[in-house]
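Observations on chain architecture
Here is what each chain is made of, one letter per residue.
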Amino acid sequence: MQEVLRGVAQVDFMPNAITGIVFLAALAAAGWQFALYGLLGSVVGTATAYAFALDRSLVSAGLRGFNGTLVSLAFAVFLGAGHLSTVLLAIGASVTVVVVTSALATVLGTWNIPTFTMPFCIMASVMTVAAPSFSRVWHQGPALAGLPEAASGATSLTWEQLWHGFFADFGQIFFMPQWYVGLIFLAGITLASRLAGAMACVGSAVAIFVAWGMGSPTEGIAEGLMGYNSVLVAMALCGVFLVSGTWSFAYAVLGAAAATGLTAAMTAFFAPFGGHTFTWPFVLTSLVFVAAVPAIPRLRRT
């Protein structure tokens with residue numbers, strides 16, 4: 001069971017079973033069905049990894065279960081949690097994502113680069129683009145495809161939107177926009193690592209500042225849509241994949257700012273296909289920034 005809970009927690013790089021319990025509690029605060037889907041994805045992903053006889057140390061640390069958690073949650077959110085088709089697809093995708101993870105780990109491992117959440121992004125992107133083509137799968141009305149539009153809406157950030165957005169940035173990692181859900185997630189991250197909790201806060205603050213400074217509509221900022229990728233990038237680049245220090249902190253701030261801009265770009269990119277941004281900005285930003293480390297003497301990998 002600890003492997004399953006660590007799988008839930010590893011979404012934020014935290015191989016901590018207690019943190020996994022806190023994350024499940026946060027999902028339950030948004031809706032009990034989301035907690036069940038998150039648990040289902042981790043259970044299926046972990047069981048599949050054991051069935052395939054994958055490296056037990058990786059499985060025990062939750063590294064083969066967290067993508068299943070995210071995939072299962074994505075299916076629940078975007079296809080509707082109350083449908084049998086969603087349950088069956090979540091199970092199938094949680095199995096398949098283990099294979100995708102192993103394939104990417106083999107390729108990226110050549111350069112000692114982690115897979116991040118790329119396996120989840122691939123599976124979830126395929127699902128959101130393809131689902132409207134299947135009447136027994138899509139229950140959300142017309143397809144969501146549409147041409148990108150110029151930003152519209154208020155750009156003046158109120159105090160309420162500011163603090164809602166700060167906490168929503170943590171919840172949106174799991175597709176949950178409620179500020180109180182994000183607060184629970186932040187508590188779980190900090191419980192596992194105070195440095196990770198601090199860097200998560202830095203990532204959220206940087207994203208809000210950059211998005212507001214460039215004139216992003218404040219409604220999206222308040223819902224956490226502009227900041228969750230920056231939260232993950234800041235954590236990854238200072239303390240998780242890079243040794244923490246002054247230079248890695250500055251590097252993480254730069255990465256968080258870059259991820260904010262890339263979030264807007266990826267949102268526009270996926271709009272014509274009806275897809276979603278998911279954590280692609282985090283994946284692409286982290287891939288570039290981690291790959292650059294060997295050429296930058298000031299930085300060191302963990």
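Let me begin by describing the structure that accompanies this report. What you are looking at is a predicted structure, and each value in this text was computed from that prediction instead of being measured.

**A few points about the environment of Leu 108**
Structurally, Leu 108 can be placed in helix α6 (residues 84-108). Exposure remark for Leu 108: the relative accessible area of 12% places this residue in the buried category. Residues Leu 108 and Ala 17 lie 91 residues apart in sequence; the distance between their C-alpha atoms is 27 Å. Excluding residues within four positions of it along the chain, Leu 108 makes contact with Ile 113, Pro 114, Thr 115, Met 118 and Leu 287.

**A closer look at the side chain of Thr 285**
Positionally, Thr 285 belongs in helix α14 (residues 280-291). In this view, Thr 285 contacts Val 233, Gly 255, Ala 258, Ala 259 and Leu 262; residues no more than four positions away in its chain are not counted.

**Brief notes about the environment of Ala 28**
Its location among the elements puts Ala 28 in helix α2 (residues 17-30). Classification of Ala 28 by relative accessible area gives partly exposed; the value is 38%. Residues Ala 28 and Leu 63 lie 35 residues apart in sequence; the distance between their C-alpha atoms is 23 Å.

**Notes on unusual backbone geometry**
Negative phi values dominate among residues other than glycine, just as trans dominates among peptide bonds. Phi angles above zero are rare outside glycine, and Ala 53 is one such case at about 60°. Structurally, Ala 53 can be placed in the loop between α3 (32-51) and α4 (56-60).

**Overview of the packing of aromatic side chains**
Aromatic rings in a pair are described by how distant their centres are and how their planes are angled relative to each other. Inspection of every chain in the model, using the stated rule, returns 20 aromatic pairs. Seen in terms of ring centroids, Phe 13 and Phe 282 are 5.9 Å apart; in terms of plane orientation they differ by 55°. Their pairing is tilted. Placement of the pair is Phe 13 in the loop between α1 (2-9) and α2 and Phe 282 in helix α14, with a sequence separation of 269 residues. Each of the two residues, Phe 13 as well as Phe 282, counts as buried. Through a chain of ring-to-ring contacts, three or more aromatic side chains come together here, namely Trp 163, Phe 166, Phe 167, Phe 170, Trp 179 and Tyr 180.

Reading guide: rules and limits
Residues numbered from 1 in each chain as written. Predicted model: local features only at pLDDT ≥ 70, side-chain atom pairs only at ≥ 80, totals over all residues. Heavy atoms only, no water. Helix = DSSP H or I, 4+ residues; strand = E, 2+ residues; numbered from the N terminus. Buried < 20%, exposed > 50% of the residue type's maximum accessible area, 1.4 Å probe, protein only. Contact = heavy atoms within 4.5 Å. Phe/Tyr/Trp six-rings, centres within 6.5 Å; stacked < 30°, edge-to-face > 60°.

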